Each structure stands twice: as structure tokens, then as C-alpha cells.
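The lines below spell out each chain.
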Amino acid sequence: MTPSLSPNPIDDLRQLLTYPFMVNALEAGTIVAVLAGIVGWYVVLRRQTFASHTLSVMAFPGAAGATLAGLPTALGYYVACTAAALAIGRTGRGGRPGRAQGGESAVIGTVQSVGLAAGFLFLSLNSAVLSGPETLLFGTFLGITRGQVLVLLLVALGALATLAALARPLLFASVDREVAHASGVPVALLDALFLLVLGLAIAATSQLTGALLVFALLVAPPAAAQRLTLRPLAGLVLTVVFALLTIWLALAIAYFSIYPVGFYVTTIGFLLYLLARVLAPTHHPRHR
Amino acid sequence: MFAHEFVRNAWLAGTFIALACGVIGWFVVVRGQVFAGDALSHVAFVGAIAAAAVGVDERIGLFALTLALAGAMGVLGRRAQADDVTIGITFAWILGIGVLLLTILATSAGGASGITTANTLFGSVYSLSAGAAVIAAAVALAATALVLGAARPLLLSTLDPELATLRGIPVRALGLAFLAALAVVSAESTQAVGALLLLGLIAAPGGAARVLTARPYRGLALSGAIAVASMWGGLALSYAIGALPASTAVIGLAAGAYAAAGIWSRLSGSGRAGG
């Protein structure tokens, strides 16, 4: 199979869709982009970038551990991300670096290193891991099965349904925590639940982008969208559009090139964010 | 075990790298720059890969890229502290470039790149040569001395930037210099503990020291001591247990110290609330 680019984009698209693995990748990419975009919009609003980075890195020990134990890697992703979400959530205030004293981000950083160190240990205990740490860390779109797409869809539906149920109080608590707390919104519970949803979304995303590059879908599209509008609904729609654009373009380009999808996803995400910064150079006062 | 040369090299480099990480890490935690430290240490990996792709010494790539990122964060951010969304997106992109370089490297040279990746990501303190160990110790010692020498103004500009400015301390330049020192330590330590695990050696001792004491100089000393003790313990453990990688053992001990500090302060009730 040596894909080549023809001058006719319709032909290219048809060529792209003839292979089942490509259809699976596009479907998985679409599901993940919608999920990561919507969850990411809250991440950027709540300034939980560092916590999400730490959760995304947890996919690595998860996958390495599952391989060592002979379980499906996807299961490892979900277990490790959820466990880390609970660990960070227990340290109080949901690990929000925005208002954190240094101590809290020290906890997040330590959780992250411990996870990675455990992953390295699993990896060195098990020399049979096929492609080494690179695939776990930087992702691949090859070899996504129908079953995986189905699981991704179920996880995404569950996470999004939970988020939809929390949407209004979570928005309130994210924008003004003190007032929300004073008017009886259970802020601590919302923090914990959101971290769990975040863990699920990240576990799903990292199967495609790899553990280290989740940000391209989780943070870049919503950060770009929040540059352009602060209205929640418009921002969420814009975020999803940006995320879909990023993953579709990246998958299409990666198909015709020999270089990994992770590079294209991050580059497109970075360019999108730069473009949004150029279009809307002034920061809204609320963002510092 | 000190009869082997590679063990002596590892202890020499490891001790001073841990000292530098502990001392600088205390300031990183107090200044709330853990995420910046995270970005710098991950980017170090790309520097090493880039150097391998171009064919120059890996240390050139490590130092060039971490210093460049530190400079960018310092210049872009207010008070030399960049906004974490920008940090996140930028360093994800730099990692993306790292993946590209990795693929280029693998398709052109083939073979050895897998080992290079694993070493850069997770460190291999036991494979340092005598020359590399001496250089690592010297660089780490210099960075520690620099930060300790500037400890007073740095502390004041961290805790009360306005007062520091009034007293004529160049707060912004100091912030930049601190980020540069962090970048140098990140680049140097990548060779010993690895780009991905370095953050643990920076965040955990500093976090533990902050839980145990609010007094700055005691905290600095404690943080350095915890880092060095974790390094020594980790090296000894991994020497005794063959399957245990040195980096994993070091990070495990540092994190254990942090957890113990949290429990201790909670039980005694006299320490700072937190953990």
C-alpha cells in the first residue's frame, strides 16, 4: 500500500475511505474530537491544564501495566486515568493550579512522575512490548479495531451525558467558585466528578494521539475558541468544530505521509491557537 | 558496589544533580512554576532527539532547546511566568516535532534510535561515562551555587514582588535568570533521571520540604537533603535489585518522602496544613 496524492481532492478522499482501518481511524477520531473538545472547554475555563497533562501521562503506565498483566491496553488506560483523577482530586480543591499554592501543583507533579516511573518499571519488566514506549507516548492511528471504536463511543456517550447533567452548576462553579459555594452548589463534589470525566476523556483521546500529545485536542481547540468568544454555547460549538478540523486534517495528511499522526495533530492545534491569538490579540480581563 | 567504575560515576553525577534539583525545586514549588518545570523537562527530550537527528552531541541540543523555551516563557509571561495554556500548547507542539524527528531518525539510521529514546525519556544514570559524570556534577554544582547565591533577592521577589521592586531588585531579570537555571538543570538531569521523570525530583522534595517547614532556609536545606537521600537510596536499591530501573527507584523514594511528610504534618498537627 503506497498512498499517493492526486490532484483531485475527491479522488483522494475516496482513496482514503477504501481502507477499513482508515474508516475506523476517522470514526474514532471524530468521537474523540467531540469528547475532548467539550471536556477541554471546561479544562481551559477552569485552568486545569497541568492536571490534565498529568492525567494524560497516566495513559502510559496504564497501557504498560495492562500489557504486563496480559489485559487489553484500553482497560489499562481507563483504570490508570481514573485512579490518577481520584488521587489528584483527594489532595483538595481538585488540583486547580489557577488558585493553587505551590504545594498543590507539587502534588500533581509528583503524581505524574510516580505514574511515569511505574510505567517505566512495567516496560522494563516486560520486554515483549511490541513497539516500545514510542507508540504509547506518541500514538498511532493504525490498527484501531471496530471493537475499540464501539468502546470509545460508549465511553464518550457516558462522559458527555455526565457532563451534560453537570453543565450548569459546573459552569457556575468554574466561573465563580466562592459565589457558587455560597449559593449551595456542591463545589467539591463537582470538582471530583469533573476530574473523573476528564480522566475518561483523556484515556479515550490518548489512544489516538498518544499520552504526551493529548493537549493538541484537549487544550488547543478550546483555548483558541475562548480567545474568540466567551459565550458558553458558541464557544463549545466552535471548540468542537476546531477539534474535528484538527483531527480530520491530521489523519488525512498522516495517511499520505510516512510521518506520525502526532506531529500533524499538534502542529495543526498549535497553528489554530496562534491564528486565534492573532485574530483576537487582547485577552479578556477575566483571563488575567 | 563502589568497586565498579560505572557505579562511582552514577553516584558522582547523581548526588550533585539531586542536590541541584532539590534546591531549585524548592523555589519552583514556592514560585508555583511546577508546570513550567514540567514543560522544560519534557522539551529536553526533543532537544536530545534533535541533536541526534542533526548528528551533534546530545548535550548541545538539550541545553539549546531548554534555554530557548525558558527564554520564551520568561519574555512572553508577565513577571516572567507564562500562562499555563500557552505553555501547554507550545510544549505539546514541540513534543510533536520530537515525534517527527524520531521517525526521521528511525527511518534513516535505523536500529539504535529505540535505545536513545528510552535513555532520553527515562534516563540511564548507570551508563554515564567518567567525563560525562564530572561535567554533570560541575554543571549541577554551578547552578546550585548560583541559585543559593541569589537566594535572598530571589526569595523576596518571589514572596513580595512589589517590595522587591521598591528595594531595587530587578524582579523580572531575576525571574528570567531563575528559569534559565531551571533549564540548565533540566537539560543536565535528563541524562541521569530522564526527561519524563525529572519533574519528580524537582517537585517532590520541594513539596515535602514546604509541608514540613515554612522557614525558607530550613526548607531549602531540607529539600536538597531529601533529593540527595532519594538519589542515594534509589541508586543503592536499583543496584541491589536488578529488575528495578534506577530512575523508578529514585522517583519512588522522593514521592514516598513527600507522602510521608504529608502524613507526618497531618498527624502532628503542628506543621502547615496541606498535603
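Residues numbered from 1 in each chain as written. Chains lettered and ligands numbered in written order. Predicted model: local features only at pLDDT ≥ 70, side-chain atom pairs only at ≥ 80, totals over all residues.

Moving on to the overall build of chain A. Across its full length, chain A holds 14 helices and 0 strands. Ordered by position in the sequence, the α and β elements of chain A form the string α-α-α-α-α-α-α-α-α-α-α-α-α-α. Of all intrachain contacts in chain A linking residues separated by at least 6 positions in sequence, the fraction that spans at least 24 positions is 75%. (Helix = DSSP H or I, 4+ residues; strand = E, 2+ residues; numbered from the N terminus. Contact = placed C-beta atoms within 7 Å.)

Turning to the overall build of chain B, a few remarks are in order. The secondary structure content of chain B amounts to 12 helices and 0 strands. Of the regular secondary structure in chain B, the N- to C-terminal order runs α-α-α-α-α-α-α-α-α-α-α-α. A compact globule built from 275 residues would reach a C-alpha radius of gyration of about 19 Å, and chain B, at 18 Å, matches this within 12%. Expressed as a percentage of the 275 residues in chain B, the buried residues total 56%. Counted over contacts in chain B with a minimum sequence separation of 6, partners at least 24 positions apart contribute 75%. (Rg over C-alpha atoms; globule rule 2.2 N^0.38 Å. Buried ≥ 20, exposed ≤ 12 C-beta atoms within 10 Å, placed from the backbone.)

Time to look at the interface of chain B and chain A. Contacts between the two partners involve 48 residues from chain B, matched on the other side by 47 residues from chain A. Contributing elements (two or more residues each) for the side of chain B that touches chain A: helix H1 (5-30), helix H2 (34-54), helix H4 (84-108), helix H5 (113-122), helix H10 (198-212) and helix H12 (246-268) of chain B. Counting residues per element, the side of chain B that touches chain A draws most heavily on H4(B), which supplies 14 residues. Of the residues in the side of chain B that touches chain A, the class split is 28 nonpolar, 15 polar and 5 charged. (Nonpolar A, V, L, I, M, F, W, Y, C, P; charged D, E, K, R; others polar.)

Here we take up the nonpolar core. The nonpolar side chains of soluble globular proteins are, as a tendency, buried together. Within the largest apolar cluster, 196 residues are counted, with the highest numbers of intra-cluster contacts made by Val32(A), Val39(A), Ala59(A), Cys81(A), Ile24(B), Leu201(B) and Ala254(B). It is H1(B) that contributes the most residues to this core, 16 residues altogether. Excluding residues that lie within four positions of it along the chain, Val32(A) makes contacts with Leu152(A), Ala204(A), Thr205(A), Leu208(A), Leu217(A) and Ile247(A). (Core = buried A, V, L, I, M, F, W, Y, C linked by C-beta atoms within 7 Å.)

Attention now goes to unusual backbone geometry. Positive phi values are uncommon outside glycine, yet Arg47(A) reaches one of about 60°. Along the chain, Arg47(A) turns up in the loop between helix H2 (20-46) and helix H3 (49-57).

Let us now look at the confidence of the model for chain B. All names here are of chain B. Predicted confidence across chain B gives a mean pLDDT of 83, with 90% of residues reaching 70 or more. Per-element confidence in chain B is highest for helix H11 (residues 216-240), whose mean pLDDT is 92, and lowest for H5, whose mean pLDDT is 63. Contacts from residues 271-275, a stretch scored under 50 in pLDDT, to residues over four places away or in other chains number 13 contacts. Both scores are given for the predicted complex: the pTM is 0.82, the ipTM 0.80. (pLDDT = per-residue confidence, 0-100.)

This brings us to H2(B). All names here are of chain B. With 21 residues, H2 extends 31 Å from end C-alpha to end C-alpha; this agrees with the ideal 30 Å at 1.5 Å per step. Counting buried residues along H2, 19 of its 21 residues qualify, which places the element largely inside the surrounding structure. Of the residues one or two after H2, Gly-55 is the one with positive phi, at around 95°. (Expected span 1.5 Å × (residues − 1).)

To continue, consider the environment of Ser223(B). Residue and element names in this part refer to chain B. Positionally, Ser-223 belongs in helix H11. Taking the C-alpha atoms as reference points, Ser-223 and Arg-266, 43 residues apart in sequence, are found 19 Å from one another. Non-local contacts of Ser-223, meaning those with residues more than four positions away in its chain, are made with Gly-22, Val-23, Gly-25, Trp-26, Pro-205, Gly-206 and Ala-209.

Our focus in this paragraph is helix H3 (residues 58-76) of chain B. In this model, H3(B) (19 residues) spans 27 Å end to end at C-alpha, consistent with the 27 Å of a helix rising 1.5 Å per residue. Of the residues making up H3(B), those classed as buried are Glu58(B), Gly61(B), Leu62(B), Phe63(B), Leu65(B), Thr66(B), Leu69(B), Ala70(B), Met73(B) and Gly74(B).

Moving on, we get to the environment of Ala64(B). All names here are of chain B. Within the element layout of this structure, Ala-64 appears in helix H3. In this structure Ala-64 comes out as partly exposed when scored by C-beta crowding, with 16 C-beta atoms within 10 Å. In sequence terms Ala-64 and Val-184 are 120 residues apart; their C-alpha atoms lie 9.3 Å from each other.

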